[in-house]
Amino acid sequence: MNQKQIYFLENFSFRYPYSEKAIQWSGNISINENEILLISGKSGAGKSTFLYALKGLLPDTIFGKLKGKILFKGKDVSQLSSFEKAKIGFLFQNPAAQMINRTVIQEIAFGMENLQMKQQEDYLKDSVSGFIKIGANGKIEKKDLKEIPWTQKFPRLPNISKGEKLIEIKNLSFSYDNNHILKGLNFELRKKEIIGIIGANGAGKTTLLKLIAGVLKSKNGKISYKHENIEHISFKKYYRNLALLFQNPENHFLFSEVEREIAGNRKILDLVGLNKMQKRNPFTLSEGEKRRLSLAILWNLKREIFLFDEPTFGQDYENKNKLIELIGKMREKGNSFIIVSHDYPFLNSVCDKIFLLKNGYLRETQIQN
Amino acid sequence: MKFRPPQLNELTLFFLTFIYLVPVLLSENILLNFLLLILAFINIIFFRKIRFKHLGLLVLFLIIPLISLFVTVLIYAKGAENSPILAEIFGFEIKQIAFNNALFLVSRTFCLSMISFLFLLSIRYDALVFALMQNLKLPVSVGYSLLATFNAFAHLKEEFSRIRLAYKMRFLKKVFPLKLLMPMLVSASRFAYSAGLSMESRGLNKQKTFLELVRCVPIRNIEKGKILCFFAKNAERK
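**With respect to the sheet that holds strand 12 (residues 220-225) of chain A**
Residue and element names in this part refer to chain A. On the basis of which strands lie adjacent, the open sheet formed by four strands has the order 10-9-12-13 and antiparallel pairing. A single partner strand is all that each edge strand has here, and the edge strands are strand 10 (179-190) and strand 13 (228-229). Looking at chain direction, strand 9 (residues 165-176) and strand 12 are connected through five bridges and run antiparallel. In the sheet register, K170 faces strand 12, and the bridge partner there is K222.

Right under this line is the structure:
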């Protein structure tokens, strides 16, 4: 098949002003029409930067040292007009930060207006032809599809005996403006137990965590901690035993040094593999490191129960493995967990029980060994 | 989903605010001030839904400053020495001029605040920015930055509540908001960076088209303004 060339990259490399490592490609690569390319690599390897380069955002919008050639339909991408650049679609990792307008219709129209269009034609291409892997050294290699690790398998945490009942949820219901999110939920969490909750977007997983954390209050049902209704427990007493890990690890950072975040407890930094980063600013760490630091912060609080909201969001295979290892260590010390996630392989490897939250009801699913 | 354009151009509503405010500033007639306030109110409820709860809250907030202003003018009004005494309370003489001045200043402050707030409540900020871009040639880069900033408030509010909860869980005490300044600044700068990239990558440029066309029809309102100014001038002469 004679395919039309869309992109052509030759000896491309890019280095951020504050970074020692450059993302580089020695050789030529062409991306053709009707091709779908997968770009894979570890957290912080430069996958997003590579996409910024294809979009023509380097080096004028995002500063740095760009070498080599990136041609889009035979034209240097940095020389494209904003009108031409707008024809290259770009979907960011965080959709919330991508929104500019107040209404959905204005948001959809924004891109089309910039293209001076009045109607949108949308079509999907469904063929995957190859993938690019970005290694730890920042070097880009083109690989064959057969080399992609399509399924992620994690080691399962060993089963250990559970202790007393910590959290008990009875007939819990919750609704936002007559929209019934949760309908009569029942489950319990025991000491050293890990419970996973899986469900579609908007199923009410985070709402459930907020209810357990006491951030939201339900008029129907009861949540008890050690046989006492949490509504009758002071927040000081309750939070001395419970902590919530947010999806965005930066929500936990308050200080300008990693060391200060964990109140100088270097043992914990060793355990999470951040011992060489004590003086670093937490906000400048890579995504995986930030996640591990947020876990270290919670671990240092010595709480009994941990509620995790999407702990594997944006994490690569290696970081997920480290996370599983950490959760295992924390459980050995007597901690219990309720983990909300979309990541079934991850939940399957760490949880004692997995519940599916669907249409407001909770149903236990089978763990696969 | 059907998109319904606003009934009244926000720019017109924006300038209408000044059309009501300027006569209040020029006039020295208490009745005219209140008449303008009532007119502004009728004008607004004709076009927009008003949350009376918010208006009520503003009145509550205004009560103390207005009483303070009234008492201050009553005590320290200039040129009131030779004015006839209106009343005597606990040995304090209330002079006619001082009383009139106090009442007038209070009415003016009240009317200015209420009219401004009425329009503030009814103006749709995003539609106003679109109107400014389309009718007054506000650069699109500035306009969309303003829209992104308005969106950032909701995002940052969410971030703030999460960070505050994280703090509360960690230190087992309620937090003084200033302590969360650094994480909030980081969050705001991250949002600004992403929004900027989003605008750039979606090809924001001067030659863009607009799905929603905001047409400006200011003639009727300018006419209204002229009439109000005329009344204000006449009232002053009297």
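Moving on from the model shown.
**Focus: the pairing of strand 16 (residues 336-340) of chain A**
All names here are of chain A. Counting buried residues along strand 16, five of its five residues qualify, which places the element largely inside the surrounding structure. Neither face of strand 16 is exposed, since S336, I338 and V340 on one face and F337 and I339 on the opposite face are all buried. By the bridge criterion, four bridges tie strand 11 (residues 194-199) to strand 16 in an arrangement that is parallel. Looking at strand 16, one finds that I197 is bridged to V340. Tracing the backbone out of strand 15 (residues 305-309), into helix 9 (residues 317-332) and back to the parallel element strand 16 gives a crossover that is right-handed.

**Structural notes on the nonpolar core**
In this structure, I115, F119 and Y144 of chain B are the most contacted members of the largest nonpolar core, which totals 44 residues. Listed by contribution, the elements that provide at least two residues to this core are helix 1 (10-26), helix 2 (30-47), helix 3 (52-76), helix 4 (96-122), helix 5 (125-135), helix 6 (140-171) and helix 7 (181-201) of chain B. Domain assignment of the residues forming this core places at least three in each of domain 1 (10-123 + 220-237) and domain 2 (129-201) of chain B. If you look at the next biggest cluster of nonpolar residues, it comprises 39 residues, including I198, L298, L301 and I327 of chain A.

**Describing empty space enclosed by the protein**
Residue and element names in this part refer to chain A. The full count for this structure, using the stated rule, is four cavities of 30 Å³ or more. Volume-wise, the largest cavity comes out at about 90 Å³. If you go around the largest cavity, the residues you meet are L172, L211, G214, L216, K217, S218, G221, K222, I223, N229, I230 and E231. For the lining of the largest cavity, the class distribution of residues is five nonpolar, four polar and three charged.

**Re the interface of chain B and chain A**
Taken residue by residue, the interface counts 48 residues in chain B and 55 residues in chain A. Carbon and sulfur atoms supply 61% of the area that chain B and chain A bury against each other, a total of about 4500 Å² over both sides. It is M169, R170 and R202 of chain B that lose the most area in chain B upon contact with chain A, and together they represent 19% of the buried surface on that side. The tally of links between chain B and chain A comes to four salt bridges. Note that E250 of chain A and R190 of chain B form a salt bridge whose closest N and O atoms lie 2.6 Å from each other.

**Description of the pattern of salt bridges**
A complete count under the given rule lists 25 salt bridges over all chains for this structure. For the salt bridge of R170 of chain B with E261 of chain A, the shortest nitrogen-to-oxygen distance reads 2.9 Å. With one member in each of two chains, R170 of chain B in helix 6 and E261 of chain A in helix 6 (residues 258-261) form a pair that bridges those chains. A relative accessible area of 3% places E261 of chain A in the buried class. The network of salt bridges with common partners includes K165, E168, K170, E188 and R190 of chain A.

**Looking at the domain arrangement of chain B**
You'll often see interface size given as the accessible area lost when the parts meet. Once the domains are mapped, chain B shows domain 1 (10-123 + 220-237) and domain 2 (129-201). When each unit is reduced to the centre of its C-alpha atoms, the spacing between domain 1 of chain B and domain 2 of chain B is 35 Å.

**Digging into the domain arrangement of chain A**
Entries for chain A in the domain assignment read domain 1 (5-149) and domain 2 (165-365). Between domain 1 of chain A and domain 2 of chain A, the C-alpha centre-to-centre distance is 34 Å.

**Regarding helix 1 (residues 47-55) of chain A**
Along helix 1 of chain A, the residues classified as buried are T49, F50, Y52, A53, L54 and K55 of chain A. Taken from the residues just after helix 1 of chain A, G56 of chain A is the one with a positive phi, measuring 85°.

**Overview of the environment of I62 of chain A**
Among the secondary structure elements, I62 of chain A is positioned in the loop between helix 1 and strand 5 (65-72). Placed 287 residues apart in sequence, I62 of chain A and S349 of chain A show a C-alpha to C-alpha distance of 39 Å. If we ignore the near neighbours within four places in the chain, the residues touching I62 of chain A are F14, Y16, Y52 and L57 of chain A together with Y193 and L197 of chain B.

**Re the sheet that holds strand 17 (residues 353-358) of chain A**
Residue and element names in this part refer to chain A. The strand order across the open sheet formed by six strands is 14-15-16-11-17-18, and the pairing between neighbours is mixed. The open sheet has two edge strands, strand 14 (242-245) and strand 18 (361-365), and neither has a second partner. Each strand of the sheet is rotated relative to its neighbour by a mean of 20°, with strand direction disregarded. Sheet analysis places strand 17 next to strand 18, joined by five bridges and oriented antiparallel. Residue L357 lies in a different strand from strand 18, and its bridge partner there is L362.

**Describing the confidence of the model for chain A**
Residue and element names in this part refer to chain A. Chain-level pLDDT for chain A is 83 on average; 89% of the residues reach the 70-or-more range. Taken element by element, chain A is modelled with least confidence in strand 7 (residues 128-134), mean pLDDT 55, and with most confidence in strand 16, mean pLDDT 95. Predicted confidence is poor over residues 119-128, with pLDDT under 50, and the contacts of this stretch with residues over four places away or in other chains come to 10 contacts.

**A closer look at the side chain of S173 of chain A**
Residues and elements named next belong to chain A. Mapped onto the secondary structure, S173 falls in strand 9. Here the side chain of S173 touches G184 through a polar contact of 2.9 Å, landing on its backbone nitrogen. In this structure, S173 is in contact with L182, K183, G184, S218 and N220, ignoring residues within four places of it in sequence.

**What about the packing of helix 5 of chain B against helix 6 of chain B?**
Residues and elements named next belong to chain B. With their axes 9 Å apart at the nearest point, helix 5 and helix 6 run at an angle of 175° to one another. Taken together, helix 5 and helix 6 sit at an angle that is classed as roughly antiparallel. Across the interface between the two elements, Y125, D126, V129, F130 and M133 from helix 5 touch V140, G143, Y144, L146, L147, F150 and N151 from helix 6. Its residues placed into classes, the contact of helix 5 with helix 6 shows nine nonpolar, two polar and one charged.

About the cut-offs
Residues numbered from 1 in each chain as written. Chains lettered and ligands numbered in written order. Predicted model: local features only at pLDDT ≥ 70, side-chain atom pairs only at ≥ 80, totals over all residues. Heavy atoms only, no water. Pairing = 2+ DSSP bridges. Helix = DSSP H or I, 4+ residues; strand = E, 2+ residues; numbered from the N terminus. Buried < 20%, exposed > 50% of the residue type's maximum accessible area, 1.4 Å probe, protein only. Right-handed = clockwise from strand over helix to strand, strands pointing away. Core = buried A, V, L, I, M, F, W, Y, C linked by side-chain atoms within 4.5 Å. Domains from an automatic or database assignment. 1 Å grid on protein atoms, 1.4 Å probe; cavity = no way out; pocket = protein on both sides within 12 Å on 5 of 7 lines; lining within 4 Å. Points joined across faces, edges and corners; volume = space filled by probe spheres on them. Nonpolar A, V, L, I, M, F, W, Y, C, P; charged D, E, K, R; others polar. Contact = heavy atoms within 4.5 Å. Buried area = accessible area lost by both parts, 1.4 Å probe. Salt bridge = Lys/Arg side-chain N within 4 Å of Asp/Glu carboxyl O. Axes fitted to C-alpha atoms, helices over the stretch in contact; angles between N-to-C directions. pLDDT = per-residue confidence, 0-100. Polar contact = N/O pair within 3.5 Å; in protein donor to acceptor, adjacent residues only side chain to side chain. Parallel < 35°, antiparallel > 145°, perpendicular 65-115°, else oblique.

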